[in-house]
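Fold and geometry: a report
Listed below are the residues making up each chain.
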Amino acid sequence: MKTILRVLAALVACLALAGIAPLRAQEIRFNVVPYRIDNGLRILALEDHSIPTVSYYTFFHVGSRNERVGRTGISHLFEHMMFMGAKKYGPGEFDRVMESRGGFSNAFTMEDATAYHETFPAEALPQVIEMEADRMGAMQISEENLKSEREVIKEERRLRVDNDIAGAMDELLKAQAYMAHPYHWPVVGWMEDLDAITLADCVDYFKTHYAPNNATLVIVGDFKAAQAIDLIGKAYGAIPSQAPAPAIVRNEPAQRGERRAVLKKAAQEPSIMIAYHTVASASPDLFALDLLQIILGDGESSRLKRRLIYEKELASRVEVINERRVDPSTFILWAEAKPGVTAGALEAALVEEVERLAKEEIGDAELQKAKNIRTTSEVKNLKTSDGKAQEIGLYDLYFGNYQRLFTALRSYGAVTKSDLKDAAARYLHPDNRTVVTLVPTAEGEEGSR
């Protein structure tokens with residue numbers, strides 16, 4: 001399978017550059033073994049004996065979306081606290097043991113989930129299972145750990161939001177775009193909320209959201225699935241399941257008019273960031289929106305980079321992302337002006353290119369290039385055990401079934417020019433957008449927002 005994927009990746013990459021239509025995409029197919037132990041823990045195991053390593057992901061179905069007003073940022077806080085020691089493996093032991101075995105570990109927190117992952121030599125799998133079960137079942141939650149990791153998170157917030165132009169704009173954008181849904185607040189949390197989190201909050205949050213029945217393990221690599229599942233059952237089986245987490249309130253009202261906000265911040269030039277409300281990732285429209293993202297902003301020949309940066313010389317940087325989320329999400333555009341260009345001129349040019357998508361049908365070659373780029377990206381993500389594990393877990397999270405990964409290439413291949421035009425008209429229109437304008441100020445003269 002690995003050889004086939006490598007050949008396919010090279011083929012579609014060449015075709016994408018040449019603008020030639022690729023062979024019809026076949027289904028990706030992996031022999032994933034699904035299993036669930038008695039306490040509700042799900043396991044998705046995929047044997048891959050091409051190299052003697054294993055990638056091990058633990059997806060907890062908790063992110064900033066599961067938080068409440070006054071306690072935002074607690075999910076990200078737990079991402080850090082999970083490395084502070086448990087009953088058997090104390091502070092710092094997890095990383096020390098992992099590195100001593102030639103492996104590495106990391107974690108990430110999103111709106112919809114928190115994931116912990118490791119890649120290591122295959123012979124270390126029994127010990128990794130033991131360590132992960134230890135911190136799921138007996139993580140040490142103390143005032144000392146809370147205090148130290150709270151300060152780490154606050155410093156991360158200062159770095160990535162308070163002192164970062166794109167981070168500050170994105171935070172304000174989401175706060176304006178979402179009125180009721182928890183996507184309103186940032187994953188890192190509001191500073192005052194971080195200060196307010198108590199030890200009791202942490203104990204309750206861990207018991208509810210870090211339970212085995214709220215987690216999925218994805219294991220890919222050089223092991224026997226039956227043996228790995230048996231080891232997991234023995235290590236995790238005594239960890240009790242918990243009552244389901246409270247349901248998410250999904251009552252975001254439809255947007256019925258453009259929303260605008262201004263951010264005054266020390267910067268050299270103005271910037272524009274725009275969000276359009278779109279769909280949950282499980283929607284069939286996701287695939288058309290993904291291709292629109294590529295057409296607008298992926299690569300130097302994309303529409304926005306070609307026209308705003310090179311032809312009109314209005315922008316020094318342009319980014320476009322179609323965000324995947326469990327609940328209805330957003331399509332984000334960000335442009336940074338070149339010296340001497342006004343925010344108004346930059347926004348007008350940006351919006352003009354976006355609205356062209358709903359008025360003019362794109363050409364066959366442009367559509368095919370977008371499909372080639374997407375196919376190349378999907379295949380590259382599956383070249384390693386870590387990539388396979390992450391993609392299986394994310395597809396399972398966003399689509400509700402990991403098997404949706406197997407038909408993704410076919411779904412991209414089926415998107416038509418008419419589908420793109422319809423999606424642009426349905427979602428990328430003025431009444432559905434939120435605009436944040438960065439107004440540069442001198443250092444120390446930032447306005448309030």
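Residues numbered from 1 in each chain as written. Predicted model: local features only at pLDDT ≥ 70, side-chain atom pairs only at ≥ 80, totals over all residues. Heavy atoms only, no water.

Across its full length, the chain holds 16 helices and 11 strands. The globule rule puts the C-alpha radius of gyration for 449 residues at 22 Å, and the 23 Å found for the chain is close to it. On the principal axes, the C-alpha backbone points of the chain span a range of 60 × 55 × 40 Å. By the burial criterion, 56% of the 449 residues in the chain qualify as buried. Contacts spanning at least 24 positions in sequence make up 81% of the contacts within the chain whose residues lie at least 6 apart. As displayed, the chain offers around 19,300 Å² of accessible surface, 52% of which is attributable to carbon and sulfur atoms. Where the 54 positive side-chain charges of the chain centre and where its 64 negative ones centre are 4 Å apart. (Helix = DSSP H or I, 4+ residues; strand = E, 2+ residues; numbered from the N terminus. Rg over C-alpha atoms; globule rule 2.2 N^0.38 Å. Buried < 20%, exposed > 50% of the residue type's maximum accessible area, 1.4 Å probe, protein only. Contact = heavy atoms within 4.5 Å. Areas by Shrake-Rupley, 256 points an atom, 1.4 Å probe, with all protein chains shown as cover. Lys, Arg positive; Asp, Glu negative; His and termini not counted. Charge placed at Lys NZ, Arg CZ, Asp CG, Glu CD.)

All chains considered together, the criterion is met by 38 salt bridges. Linking Glu-151 and Lys-154 is a salt bridge whose minimum nitrogen-to-oxygen distance equals 3.5 Å. A residue pair is termed a helical-turn pair when its members lie 3 or 4 positions apart in one helix, as Glu-151 and Lys-154 do in helix α5 (residues 143–162) at 3 residues. On the basis of relative accessibility, which here comes to 40%, the residue Glu-151 falls in the partly exposed class. By relative accessible area, which is 10% here, Lys-154 ends up buried. (Salt bridge = Lys/Arg side-chain N within 4 Å of Asp/Glu carboxyl O.)

Relative to the assigned elements, Ala-335 resides in strand β10 (residues 330–337). Classification of Ala-335 as buried rests on a relative accessible area of 0%. Spatially, the C-alpha atoms of Ala-335 and Glu-347 are 8.2 Å apart, while their sequence positions differ by 12 residues. In this structure, Ala-335 is in contact with Ser-271, Ile-272, Arg-317, Val-318, Leu-346 and Leu-350, ignoring residues within four places of it in sequence.

With that settled, the discussion passes to the packing of helix α2 (residues 74–81) against helix α8 (residues 199–209). Two elements in contact, α2 and α8, have axes whose closest approach is 11 Å; the angle formed by their N-to-C orientations is 85 degrees. The pairing of α2 with α8 is recorded here as roughly perpendicular in orientation. Where α2 abuts α8, its residues Ile-74, Ser-75, Leu-77, Phe-78 and Met-81 lie against Asp-201, Cys-202, Tyr-205 and Phe-206. Per-class residue counts for the contact of α2 with α8 are 7 nonpolar, 1 polar and 1 charged. (Axes fitted to C-alpha atoms, helices over the stretch in contact; angles between N-to-C directions. Parallel < 35°, antiparallel > 145°, perpendicular 65-115°, else oblique. Nonpolar A, V, L, I, M, F, W, Y, C, P; charged D, E, K, R; others polar.)

Glancing now at the confidence of the model for the chain. The predicted model of the chain averages 92 in pLDDT, with 93% of residues at 70 or higher. Contacts of residues 1–20 to residues separated by more than four positions or lying in other chains number 27 contacts, the stretch itself having pLDDT below 50. (pLDDT = per-residue confidence, 0-100.)

Turning our attention to the pairing of strand β4 (residues 104–109). Working note: regular strand, side chains alternate between the two faces of the sheet. The pairing of β4 with strand β5 (residues 114–121) spans 6 bridges and is classified as antiparallel. Counted as the bridge partner of Phe-108 is Ala-115 from β5. (Pairing = 2+ DSSP bridges.)

Let us now look at the side chain of Arg-303. If you trace the backbone, Arg-303 turns up in helix α11 (residues 303–311). Within polar-contact distance, the side chain of Arg-303 engages the side chain of Glu-366 at 2.9 Å. (Polar contact = N/O pair within 3.5 Å; in protein donor to acceptor, adjacent residues only side chain to side chain.)

Per the stated rule, a full pass over the model turns up 16 aromatic pairs. Relative to Phe-94, the ring of Phe-83 has its centre 6.0 Å away and its plane inclined at 85 degrees; by these criteria the two rings are edge-to-face. Of this pair, Phe-83 sits in the loop between α2 and α3 (93–100) while Phe-94 sits in helix α3, placing them 11 residues apart in sequence. Centroid distance Tyr-395 to Phe-399: 4.9 Å. Interplanar angle 10 degrees. Geometry classified as stacked. One end of the pair is Tyr-395 and the other is Phe-399, both in helix α14 (residues 385–399) and 4 residues apart, which spans about a single turn. A residue is classified by how much of its surface remains accessible, and Tyr-395, at 1% relative accessible area, is buried. By relative accessible area, Phe-399 is classed as buried at 13%. (Phe/Tyr/Trp six-rings, centres within 6.5 Å; stacked < 30°, edge-to-face > 60°.)

A few words now on the sheet that holds strand β8 (residues 271–277). The 5 strands lie next to each other as β7-β11-β8-β10-β9, forming an open sheet whose pairing is mixed. Lying at the two open borders of the sheet, with one neighbouring strand each, are β7 (259–266) and β9 (315–322). This sheet shows a mean twist of 15 degrees between the axes of neighbouring strands, independent of strand direction. Where helix α6 (residues 165–177) meets the sheet, it contacts β7, β8, β10 and β11 (433–441), and its direction lies at approximately 155 degrees from that of β7.

Time to look at the nonpolar core. In this structure, Leu-292, Phe-331, Leu-333, Leu-346, Ile-392, Leu-420 and Leu-428 are the most contacted members of the largest nonpolar core, which totals 70 residues. Apart from the residues lying within four places of it in its own chain, the contact partners of Leu-333 are Ile-272, Met-273, Ile-274, Tyr-276, Leu-296, Leu-304, Glu-319, Val-320, Leu-350 and Val-354. Met-82, Met-131, Ala-133 and Ile-153 belong to the second largest nonpolar core, which has 52 residues in total. (Core = buried A, V, L, I, M, F, W, Y, C linked by side-chain atoms within 4.5 Å.)

Attention shifts here to helix α16 (residues 417–427). Buried residues of α16: Leu-420, Ala-423, Ala-424 and Tyr-427, and no others. Down the axis of α16, the sector holding all buried residues measures 100 degrees, keeping them to one side. Buried residues along α16 sit in contact with β8, α10 (286–297), α12 (343–359) and α13 (364–381). (Arc of directions from axis to C-beta.)

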